[in-house]
Amino acid sequence: MNRIYVGRHVYGLAAVAFGIITLVWHDFNNWQQIQVLGNVPHREIFVYVAAAVQIFGGVAIQWPRTARAGASALGAIYLMFALLWVPRIVAELRVFDRWGNFFEQLSLVSGALVAFGTSSPRDSARPVRAARIGYIFFGICVVSFTTEQLVYLSGTAAFVPKWIPPGQMFWAIATTIAFALAAIALLSGRSALLASRLLTAMLVGFGLLVWLPAPFADPHKMINWAGNAQNLAITGAAWIVVDFLSPKRSTSMGD
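Values in this document were obtained by computation on a predicted structure and should not be read as measured data. (Residues numbered from 1 in each chain as written. Predicted model: local features only at pLDDT ≥ 70, side-chain atom pairs only at ≥ 80, totals over all residues. Heavy atoms only, no water.)

Enquirer: Before we move on, can you summarise the side chain of Asn231 with the specific residues and values?
Expert: Among the structural elements, Asn231 can be located in helix H11 (residues 222-245). Classification of Asn231 as buried rests on a relative accessible area of 10%. Residue contacts for Asn231: discarding those within four places in its chain leaves Leu203, Phe206, Gly207 and Trp211. (Helix = DSSP H or I, 4+ residues; strand = E, 2+ residues; numbered from the N terminus. Buried < 20%, exposed > 50% of the residue type's maximum accessible area, 1.4 Å probe, protein only. Contact = heavy atoms within 4.5 Å.)

Enquirer: Outline helix H1 (residues 6-25), supporting the account with residue identities and numerical values.
Expert: Along its 20 residues, H1 runs 29 Å from first to last C-alpha, staying within 8% of the 28 Å computed at 1.5 Å per residue. Considered for burial, the residues of H1 that qualify are Gly7, Arg8, Val10, Tyr11, Gly12, Ala14, Ala15, Val16, Phe18, Gly19, Ile21 and Thr22. Packing partners of the buried residues in H1 comprise helix H2 (43-60), helix H3 (67-83), helix H5 (96-118) and H11. Phi turns positive, to about 55°, at His26, one or two residues after H1. (Expected span 1.5 Å × (residues − 1).)

Enquirer: Residues and numbers for the pattern of salt bridges, please.
Expert: Summed over the entire model, instances satisfying the criterion amount to three salt bridges. Here Arg98 ties to Glu92 by a salt bridge, and the two come within 2.9 Å at their closest N and O atoms. Of the charged contacts, one joins Asp97 and Arg98 as a salt bridge, the two residues approaching to 2.8 Å between their closest N and O atoms. A network of salt bridges, in which partner residues are shared, links Glu92, Asp97 and Arg98. (Salt bridge = Lys/Arg side-chain N within 4 Å of Asp/Glu carboxyl O.)

Below you can see the structure in the form of structure tokens.
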């Protein structure tokens, strides 16, 4: 029996959410920006094209026959957003936030690469190579997640709900250590499947405890909705890695 690949469904749902949020606000969110291009004529065209690509890719990746096309579309749009952070990194080398935004987008590119590889025929070497590259890139991105939380530890703690014992700083440190351990496991290959599962579970926790309540507190702020989509997309990418590493992975994507 072919198993269901939950990761690409979650990843695709996040892309659709990104597209809808972009259309509703007629603008890009905090993580997906084209500010580096300056005052682009007819900027709204870029907004609508990006939204359309994300919605198309998010829907297409849901079905086996169109999953490769969906992964390709999403990989391309997320790669564009990642590269648009590079000039800001060069301009502000010591500001890790710029690096962090680049690697967050790269983690989504990584998810697309792995999804593309796992939705392709197993007898083809190129898709397998793409999936492997995506896996390595994702591991590197987890190193960035660790570093970002470490650099902005106080800011990370502020995101933790105050009602969760034993305290905000405790969980900021604990999740930073968890990211570090996950990065080591993924890049070394030691207990990588377990690490990817625990990482995915932690990201789900971030979504439920940190981001999900945000739109209810203030539904008029775009970042509260986009933050949910961003966290869900990274969660989907991590879940895709889980599916990739699973020893029970089927020989086809017929789910």
